[in-house]
Amino acid sequence: MKHTNRQTTTKTLADLYRAIDRRHAVTITYIDRDGTDTIRTIEPADLRTTDDGDIVIVAMCRLRGDERNFRISRVRSYTLHRIPFTLDRPEPTTYERPEPQPTDDAQALFLYELARDKDDADYRPRVKLTQTNTSLAA
């Protein structure tokens, strides 16, 4: 068992990346929001940083059977195993933005212009513009 307070964050991250690459499970002693220690065996999938600058382990938790996030700062100790992953990670979901519906003619024209093909001939100038051609200035 490796205690995270006795080693550098770089060493901890290197061990976790190695577990992700080899698809090996990791048992962590984790401090919950309540302040209680829990022992969890996780299957790490990714390491991310939050807006606050904290590093988060995205992993499948064998206790819950679901994907969970664990902050590195709350991990007291961990053990790397040679046990392969057993849980199936859910497919990532993608957000599809609904098409906006125009409420009046001006908004309909605006949405039409946004959707137009940029390679359309209407977008190309009919006359080559030069810096000295001031007759086209507004």
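Let us look at the structure shown here. Computed from a predicted structure; not experimentally measured. (Residues numbered from 1 in each chain as written. Predicted model: local features only at pLDDT ≥ 70, side-chain atom pairs only at ≥ 80, totals over all residues. Heavy atoms only, no water.)

### Some details on empty space enclosed by the protein
- One pass over the structure, following the stated rule, counts one cavity of 30 Å³ or more.
- Space inside the largest cavity adds up to approximately 30 Å³.
- Mapped onto the lining of the largest cavity, the elements with two or more residues apiece are helix 1 (9-22) and strand 6 (75-84).
- Partitioning the lining of the largest cavity into residue classes produces six nonpolar, two polar and no charged. (1 Å grid on protein atoms, 1.4 Å probe; cavity = no way out; pocket = protein on both sides within 12 Å on 5 of 7 lines; lining within 4 Å. Points joined across faces, edges and corners; volume = space filled by probe spheres on them. Helix = DSSP H or I, 4+ residues; strand = E, 2+ residues; numbered from the N terminus. Nonpolar A, V, L, I, M, F, W, Y, C, P; charged D, E, K, R; others polar.)

### Remarks on unusual backbone geometry
- In the Ramachandran plot, Arg23 falls in the positive-phi region, its phi being about 60° despite a non-glycine side chain.
- Its place among the elements puts Arg23 in the loop between helix 1 and strand 2 (24-31).

### What about the packing of aromatic side chains?
- Counted by the stated rule, this structure contains one aromatic pair.
- Ring centres of Tyr30 and Phe70 lie 5.0 Å apart, and the angle between their planes is 85°; on these two criteria the pair is classed as edge-to-face. Separated by 40 residues along the polypeptide, Tyr30 in strand 2 and Phe70 in strand 5 (residues 66-71) bring together distant segments of the chain. Phe70 shares its class with Tyr30; the two are buried. (Phe/Tyr/Trp six-rings, centres within 6.5 Å; stacked < 30°, edge-to-face > 60°. Buried < 20%, exposed > 50% of the residue type's maximum accessible area, 1.4 Å probe, protein only.)

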